[in-house]
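As a plain string of letters, each chain reads:
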Amino acid sequence: MKTERPGMAAARRLPMELSVGEVARRSGIAVSALHFYEAEGLIRSHRTGGNQRRYAREVLRRVAIIKVAQRAGIPLKTIGEAFRALPQERTPTVADWTRLSSAWKLELDRRIERLTHLRDHLTGCIGCGCLSVKDCPLYNPWDRLAQEGTGARLLDPD
């Protein structure tokens with residue numbers, strides 16, 4: 001007697017192609033968001049003879065990756081760039097996720113560092129002149145930062 005892994009029978013019952021409504025229901029994403037992801041090239045479908053969208057089951061993993069990445073604050077543009085390196089025809093693998101998440105981790109680390117710096121210096125002088133009557137001589141004597149341009153030079157050095 002051959003035993004099945006949990007979920008194997010359910011996987012066999014799933015059609016190879018899913019309607020937009022099925023993808024929305026299974027992924028928890030609105031149909032309009034799926035259409036948007038498709039317009040942005042993050043996922044793709046094909047049309048049936050009756051002009052209905054059909055998605056390969058693999059799209060569910062791509063949508064899951066999009067959701068996780070967005071929750072981590074990764075912009076859709078960055079997600080799209082990463083997806084372009086993956087073959088559209090196959091489900092992203094654990095190795096794919098490892099590569100994607102490693103690259104995104106570096107971006108998140110830079111963002112966290114920048115936000116931490118911003119948070120820690122938020123009440124000090126920002127180098128723009130308007131809030132520096134008392135503090136600027138300590139942070140920016142003789143207004144040296146003015147030579148670098150306008151705006152918040154100390155808090156947002158980029």
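See the structure printed just above.
Keep in mind that what you see is a predicted model, and the values were worked out from it rather than measured.

Novice: What is the right way to look at the pairing of strand E3 (residues 53-56) in this model?
Specialist: Two faces belong to every sheet, and in a regular strand the side chains alternate between them. Relative to E3, strand E1 (residues 17-19) is paired through 3 bridges, and the arrangement is antiparallel. Bridged to Ser19 within E3 is Arg54. As paired strands, strand E2 (residues 46-47) and E3 are joined by 2 bridges and run antiparallel to one another. For His46, the partnering residue across the bridge sits in E3 and is Arg54. Linking two consecutive strands that pair antiparallel, namely E2 and E3, is a turn of 5 residues; a positive phi of about 65 degrees is found at Asn51 within it.

Novice: Can you help me understand the pattern of salt bridges in this one?
Specialist: Pairing between side chains becomes possible if they bear opposite charge and their charged atoms approach one another. Going through the model one piece at a time under the given rule, you end up with 4 salt bridges. A salt bridge links Arg111 to Glu107; the shortest N-O distance between them is 2.9 Å. Residue Arg111 and its partner Glu107 are both found in helix H6 (residues 94-120); the two are separated by 4 residues, about one turn of the helix. Residue classification places Arg111 among the partly exposed positions, given a relative accessible area of 29%.

Novice: It is not clear to me how the nonpolar core should be interpreted in this structure. Could you clarify?
Specialist: General note: in soluble globular proteins, nonpolar side chains tend to be found buried as a group. Within the largest apolar cluster, 23 residues are counted, with the highest numbers of intra-cluster contacts made by Leu34, Ile43, Ile79, Phe83 and Trp104. When residues of this core are assigned to their parent elements, the largest contribution, 6 residues, is made by helix H4 (residues 59-71). Each residue touching Trp104, except ones within four places of it in the same chain, is listed here: Ile65, Ala69, Ile74, Thr78, Ile79, Ala82 and Trp97.

Novice: Can you help me understand the packing of helix H2 (residues 20-27) against helix H3 (residues 31-39) in this one?
Specialist: Angle between the axes and distance between the axes are the two parameters that describe a pair of packed helices. Taken N-terminus to C-terminus, the directions of H2 and H3 make an angle of 110 degrees; their axes are 9 Å apart at the nearest point. Here H3 runs roughly perpendicular to H2, going by the angle between their axes. Every residue of H3 that contacts H2 at Val20, Val23 and Ala24 is listed here: Val31, Leu34 and His35. Residues belonging to the contact of H2 with H3 are distributed by class as follows: 5 nonpolar, 1 polar and no charged.

How each quantity is defined
- Residues numbered from 1 in each chain as written.
- Predicted model: local features only at pLDDT ≥ 70, side-chain atom pairs only at ≥ 80, totals over all residues.
- Heavy atoms only, no water.
- Pairing = 2+ DSSP bridges.
- Helix = DSSP H or I, 4+ residues; strand = E, 2+ residues; numbered from the N terminus.
- Salt bridge = Lys/Arg side-chain N within 4 Å of Asp/Glu carboxyl O.
- Buried < 20%, exposed > 50% of the residue type's maximum accessible area, 1.4 Å probe, protein only.
- Core = buried A, V, L, I, M, F, W, Y, C linked by side-chain atoms within 4.5 Å.
- Contact = heavy atoms within 4.5 Å.
- Axes fitted to C-alpha atoms, helices over the stretch in contact; angles between N-to-C directions.
- Parallel < 35°, antiparallel > 145°, perpendicular 65-115°, else oblique.
- Nonpolar A, V, L, I, M, F, W, Y, C, P; charged D, E, K, R; others polar.

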